[in-house]
Amino acid sequence: MLTRTPADITCRLRGQRVEQQDLGQQRMQRVKVKKQNERSVPVQTGRQYRLSEGEVMSFSIAIDGPAGAGKSTVARCAAQKLGFVYVDTGAMYRTIALYMLEHKVDVENQNALEKALSQIEIGVRYQDGMQQMLLNGVDVSGRIRTQEVSDQASVTAAKPAVREKLLNLQRELARHENVIMDGRDIGTRILPDAPLKIFLTASSRERARRRYAELQQKGEVCSLEEIQREIEERDDRDSHRAEAPLRQADDAILLDTSDLSVEEAVDRIVNLAETAMRDAKRKEGARRGIHSPEARIQELKNLMLREDSPLKGQLWVSDDGKAAVYLAASAGFCFGVHRAVDTVYDQIKEGQTPICTYGPIIHNEMVVADLKQHGVMEIDDEVQLSGITEGTVVIRSHGVPQRVYEQIKGQGLKLIDATCPYVKKIHQIVKEKSAEGFQIVIIGNAHHPEVEGIMGWCSSPAIVIGTEEEAQKLVESGIQKPLCVVSQTTFNLKKFHKLVEIITQLRYHESAILNTICNATEERQTEADAIAHIADAMIVIGGRNSSNTQKLVDICRKECESTFFVQTFDDLNLRLVPSRGIVGISAGASTPNNIIEEVSKQCRKTILLNRC
Ligand SMILES: Nc1ncnc2c1ncn2[C@@H]1O[C@H](COP(=O)(O)OP(=O)(O)OP(=O)(O)O)[C@@H](O)[C@H]1O
Ligand SMILES: Nc1ccn([C@H]2C[C@H](O)[C@@H](COP(=O)(O)O)O2)c(=O)n1
Ligand code: SF4
């Protein structure tokens with residue numbers, strides 16, 4: 001749980017001394033670090049991560065990566081969303097570099113460097129969430145953003161004395177605040193124990209394009225090639241210096257923003273942070289013994305009140321407060337499935353006959369059986385399709401290979417395309433990228449119809465990987481072509497990140513990594529993950545063949561051992577469901593509402609009302 005205060009904070013560092021002011025409340029809280037190793041007195045700024053009422057702990061997120069990857073932009077927005085303090089450590093190195101430039105200090109001369117450092121007081125001030133840099137009391141936030149300072153900063157930052165000077169200030173900030181700190185060595189050196197580390201990157205071309213656009217906006221004349229060359233030189237200096245080189249920490253998550261919008265990158269980070277905070281909180285809760293059902297139900301209520309919580313469902317609590325049922329808001333038909341099912345029923349209403357669907361319209365036996373009763377036939381493959389001579393063929397939300405469209409049209413049949421737009425977008429991507437010479441890699445299940453459909457839009461054979469071993473094999477194959485990686489829309493988000501991390505050992509700068517997991521899936525998985533985290537039992541409802549439901553089950557099982565996978569209420573043995581604590585309910589994208597409602601109603605009746 002986060003708390004937000006409007007407090008602005010100022011930290012100054014001179015020699016070994018750090019001060020912290022809470023300007024928002026017009027009072028000073030000082031932390032004096034007289035000697036390097038002396039511990040500071042913690043300050044309460046109200047920004048710590050709240051465990052439960054009265055219990056707080058700070059939480060740090062380390063973001064490292066090369067210049068122009070989007071670290072500061074994305075970290076600032078994510079910090080705002082999470083209510084964290086954003087710490088831009090690059091600005092601190094830039095401030096020192098500015099001093100060296102303005103005072104013409106030869107930084108290669110150790111004596112001159114140390115003398116200059118002793119004359120520098122670095123101040124960090126936060127106003128309205130923006131970090132401002134003070135150099136000997138003067139605000140230099142604007143002056144540190146020139147190309148000259150950028151170049152000097154990467155030289156100055158390589159000096160051990162400079163890094164040593166900033167180390168304390170950076171660690172002090174993280175000790176007292178929930179921070180998102182970005183730089184080059186945050187995950188590897190400054191905050192090696194940060195519970196969430198992200199290595200944010202993008203191709204050097206894309207980073208150069210971003211800088212170019214920035215400079216053009218400022219009216220500065222520049223060449224894209226020149227900027228790219230400078231960026232690559234800085235990358236080289238930052239990653240090859242002896243002192244704290246830029247490197248992805250072993251436990252950092254790689255996030256390539258080349259093909260992401262700022263909003264998408266921010267959302268990913270916020271989601272990762274939510275999950276990591278829950279993990280930290282659970283571990284801490286277990287350590288402190290928050291075990292009673294009442295405490296956990298109260299905890300769930302608190303979580304649901306949070307504006308940015310993924311837990312947007314309904315909660316019913318028994319009169320004695322010891323049992324609760326939570327129904328996920330994201331349970332049931334997604335937009336794509338709704339659209340596909342409605343499309344078929346519309347065709348029935350219009351009196352179209354005969355109607356066929358290419359494959360079952362959704363992976364749910366009850367829905368398919370109902371459509372069959374209305375005379376809708378199912379075609380399983382291209383051979384069966386070739387036997388159809390008249391009527392309408394509805395392409396289901398999973399999509400089909402391009403050649404199936406041609407076959408339907410070639411046979412003179414009416415084609416109704418209910419492919420989900422999210423899937424259609426992947427078809428376009430792989431079509432374009434494979435034509436450009438990229439090797440398409442699909443993260444997903446090779447035998448799932450959606451993946452088979454995507455493969456059928458590539459102009460050269462795609463590689464499908466679904467496990468860490470398969471990702472590793474791909475890396476070992478030493479494939480030379482640039483990769484374009486997409487995912488099945490319903491793939492497990494965490495697993496996707498894991499596989500991307502492995503694949504990108506190959507040549508991440510030349511790859512296009514596109515997380516094409518759809519929003520509906522991401523929301524459903526995030527909510528299921530969050531509720532399973534706190535629940536005593538989880539019930540996941542969905543068709544036996546539904547891969548997105550199966551993934552939900554996997555996600556829930558990781559968090560909650562007592563996870564039950566049921567098709568309908570008849571499959572559920574309520575005697576196995578605990579009568580105290582929290583029971584969570586989620587359902588796959590192809591589960592009709594009436595089935596979810598039945599399970600939810602029966603659970604409430606048995607668990608909440610029949611309690612003795
Ligand atoms: N995901 C993104 N998509 C598009 N543009 C982005 C994205 N992220 C950042 N940008 C743009 O790229 C530019 C550089 O981003 P930013 O300054 O945040 O990078 P940085 O990693 O902090 O770089 P540096 O380390 O040099 O300070 C900004 O103009 C920003 O708006
Ligand atoms: N933790 C850090 C932060 C930055 N640097 C270096 C790398 C850059 O060359 C320079 C300026 O950083 P930017 O504002 O571009 O992020 O400072 C570093 O070495 N360690
Ligand atoms: S799960 Fe996502 S991609 Fe699949 S049909 Fe639903 S909205 Fe479309």
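Just so it is clear, the structure is predicted and the values come from calculations on it, not from any experiment. Along each chain, numbering runs from 1 in the same order as the chain's sequence is written. Starting at A for chains and at 1 for ligands, labels are handed out in the order in which the entities are written. Only residues with pLDDT of 70 or above have their local features reported here, since the model is predicted, and side-chain atom pairs are shown and tallied only from 80 upward, although totals for entire chains, interfaces and linings are computed over all residues. Hydrogens are left out, water is left out, and the side-chain values use all remaining heavy atoms of the structure.

**Things to note about the overall build of the chain**
Next, step 1: Put simply, DSSP marks the helices as runs of H or I at least four residues long and the strands as runs of E at least two long, and each gets a number from the N terminus on. When helices and strands are tallied, the chain shows 21 helices and 26 strands.
Next, step 2: We call two residues contacting when some pair of their heavy atoms lies within 4.5 Å. Restricting to contacts in the chain with at least 6 residues of sequence separation, those with at least 24 account for 71%.
Next, step 3: A 1.4 Å probe and the Shrake-Rupley method give the accessible areas. Residues count as covered only by the protein chains that appear here. Surface exposure of the chain reaches about 26900 Å², of which carbon and sulfur atoms provide 49%.

**What to know about the site of ligand 2**
Next, step 1: Distances are taken per atom, and a residue is near a molecule or strand as soon as one of its heavy atoms is within 4 Å of it. Inspection of the region around ligand 2 gives 16 residues, with R94, S154, R163, R234 and R241 positioned closest.
Next, step 2: Between ligand 2 and the protein, one listed contact pairs a nitrogen atom with a side-chain N or O atom of D185 at 3.1 Å.
Next, step 3: The term polar contact refers here to a pair of N or O atoms within 3.5 Å; inside protein, the definition further demands a hydrogen-donor-capable atom paired with an acceptor-capable atom, and it admits residues adjacent in sequence only when both atoms are side-chain atoms. In the environment of ligand 2, an oxygen atom lies 3.3 Å from a nitrogen or oxygen atom belonging to the side chain of D238.
Next, step 4: Summarising the interface, the protein chains cover 96% of the accessible area of ligand 2, which totals 440 Å² for the free molecule.
Next, step 5: Counting only elements with at least two residues in the shell around ligand 2, the list comes to α2 (89-102), α4 (147-156) and α8 (224-240).

**Describing the packing of aromatic side chains**
Next, step 1: Two rings from Phe, Tyr or Trp (for Trp, the six-membered ring) form a pair when their centres are within 6.5 Å of each other. A pair whose planes differ by under 30 degrees is stacked, one over 60 is edge-to-face, and the rest are tilted. Following the criterion strictly, the structure yields three aromatic pairs and no others.
Next, step 2: Pairing F59 with F84 gives two aromatic rings, centres 6.2 Å apart and planes at 70°, and the pair type is edge-to-face. A residue pair is termed long-range when its members are at least 10 positions apart, and F59 in the loop between β5 (55-57) and β6 (60-64) and F84 in the loop between α1 (71-82) and β7 (85-88) qualify at 25 residues. Like F59, the residue F84 is buried in the burial classification. Working definition: with a 1.4 Å probe on protein chains only, accessible area under 20% of the residue-type maximum means buried, over 50% means exposed, and in between means partly exposed.

**Some words on the sheet that holds strand β23 (residues 512-513)**
Next, step 1: Each pair of strands is called paired provided DSSP finds at least two bridges between the two strands. Judged by pairing direction, the sheet is parallel, and its four strands sit side by side in the order β21-β20-β22-β23 without closing on themselves. The sheet is open, and its two edges are formed by β21 (463-465) and β23, each paired on a single side.
Next, step 2: Bridge count between strand β20 (residues 439-443) and strand β22 (residues 483-487): five bridges; the pairing is parallel. Paired with I443 across the two strands is S487, which belongs to β22.
Next, step 3: Taken strand by strand, helix α18 (residues 493-503) contacts β20, β21, β22 and β23, and its axis lies near 150° from that of β20. Interaxial angle, 0 to 180 degrees, is taken between N-to-C directions of lines fitted to C-alpha atoms, where a helix line uses only the stretch in contact.

**As for the environment of S58**
Next, step 1: Mapped onto the elements, S58 comes out in the loop between β5 and β6.
Next, step 2: Using a relative accessible area of 29% as the deciding quantity, one classes S58 as partly exposed.

**Points about the nonpolar core**
Grouped burial of nonpolar side chains is what soluble globular proteins tend to show.
Next, step 1: Note on terminology: a nonpolar core comprises buried Ala, Val, Leu, Ile, Met, Phe, Trp, Tyr and Cys residues joined through side-chain atoms within 4.5 Å. Counting residues in hydrophobic clusters, the biggest one holds 42 residues, and the most contacted among them are I539, I541, L572, C603 and I607.
Next, step 2: If you list the elements that add at least two residues to this core, you get α10 (293-305), β15 (323-327), α19 (519-534), β24 (537-541), α20 (547-559), β25 (563-566), β26 (581-587) and α21 (593-609).
Next, step 3: If you tally residues by element for this core, the top one is α21, at six residues.

**What to know about the site of ligand 3**
Next, step 1: What surrounds ligand 3 is the set C334, G336, V337, C420, Y422, T489, T490, C518 and T521.
Next, step 2: Residues of the shell around ligand 3, tallied by class, amount to five nonpolar, four polar and no charged.
Next, step 3: For the shell around ligand 3, the domains that each give at least three residues are domain 3 (292-334 + 518-612) and domain 5 (422-517). Only Asp, Glu, Lys and Arg are considered charged, only Ala, Val, Leu, Ile, Met, Phe, Trp, Tyr, Cys and Pro nonpolar, and every remaining residue, Gly among them, polar. These domain boundaries are the output of an automatic or database domain assignment.

**Describing the sheet that holds strand β12 (residues 196-201)**
Next, step 1: Pairing in this open sheet of five strands is parallel, and the strands run β7-β11-β6-β12-β13 from one edge to the other. Every other strand in the sheet has two partners, leaving β7 and β13 (253-256) as the edge strands with one partner each. Between one strand axis and the next, the sheet turns through 20° on average, direction left out of account.
Next, step 2: Packing against the sheet, α1 makes contact with β6, β7, β11 (179-183) and β12, and its axis sits at approximately 175° to β11.

**As for the pairing of strand β16 (residues 355-358)**
Consecutive side chains of a regular strand alternate in pointing toward one face of the sheet and then the other.
Next, step 1: Burial along β16 is two-sided: the residues I355 and T357 and C356 and Y358 are all buried.
Next, step 2: Alignment of β16 against strand β18 (residues 392-395), held across four bridges, turns out to be parallel. Bridge pairing in β18 links Y358 to I395.
Next, step 3: Sheet topology note: the β16/strand β17 (residues 377-379) ladder contains three bridges and is parallel. Across the sheet, residue C356 finds its bridge partner in β17, namely M377.
Next, step 4: Once you follow β16 into helix α12 (residues 365-373) and on to β17, the crossover reads as right-handed. A crossover counts as right-handed when, viewed with the strands pointing away from the observer, the path leading from the first strand over the helix to the second turns clockwise.

**Structural notes on the environment of D570**
Next, step 1: Inspection of the secondary structure assignment puts D570 in the loop between β25 and β26.
Next, step 2: For D570 and V599, which are 29 residues apart along the polypeptide, the C-alpha to C-alpha distance reads 8.8 Å.

**With respect to the packing of helix α7 (residues 204-217) against α8**
A pair of packed helices is characterised by two quantities: the angle between their axes and the separation of those axes.
Next, step 1: Interaxial distance between α7 and α8 falls to 8 Å at its minimum, and their mutual angle equals 120°. When the axes of α7 and α8 are compared, the pair comes out oblique. Of the two elements, α7 crosses α8, and the hand of that crossing is right-handed. Only L224, E225, I227, Q228, I231, E232 and D235 of α8 make contact with α7, whose side of the interface consists of S204, R205, R207, A208, R209, R211, Y212 and L215. For classification purposes, angles smaller than 35 degrees are called roughly parallel, those larger than 145 roughly antiparallel, those between 65 and 115 roughly perpendicular, and all remaining angles oblique. Left-handed describes a crossing in which the near helix is turned anticlockwise from the far one by less than a right angle; the clockwise case is right-handed.

**A short note on α18**
Next, step 1: Most of α18 is tucked away, with eight of its 11 residues classed as buried.
Next, step 2: Buried within α18 are the following residues: L493, F496, H497, L499, V500, E501, I502 and I503.
Next, step 3: Regarding α18, its N-cap is N492, as a side-chain oxygen of that residue lies 3.0 Å from the backbone nitrogen of K494 further along.

**Quick word on the side chain of D88**
Next, step 1: Looking at the element boundaries, D88 is found in strand β7.
Next, step 2: Polar side-chain contacts of D88 include one of 3.1 Å to the backbone nitrogen of G90.
Next, step 3: Within the local environment of D88, its side chain forms a polar contact with the side chain of R145, the two groups lying 3.0 Å apart.

**So, the confidence of the model for the chain**
Next, step 1: Per residue, pLDDT measures the predictor's confidence, with a range of 0 to 100. Averaged over the chain, the pLDDT score is 85; the fraction of residues at 70 or greater is 88%.
Next, step 2: Contacts for the low-pLDDT stretch residues 1-56, under 50 throughout, to residues beyond four places or in other chains number 161 contacts.
Next, step 3: The complex prediction reports pTM at 0.50, with the ipTM value standing at 0.82.

**Here's the deal with the packing of α19 against α20**
Next, step 1: Where α19 contacts α20, the axes come no closer than 8 Å and their chain directions differ by 30°. If you check the angle between α19 and α20, you find them roughly parallel. In this structure, the crossing between α19 and α20 has a hand that is right-handed. Seen from α19, the contacting residues are R524, Q525, A528, D529, A532 and H533; seen from α20, they are N548, K551, L552, I555, C556 and E559.
Next, step 2: Residue composition of the contact of α19 with α20, by class: five nonpolar, three polar and four charged.

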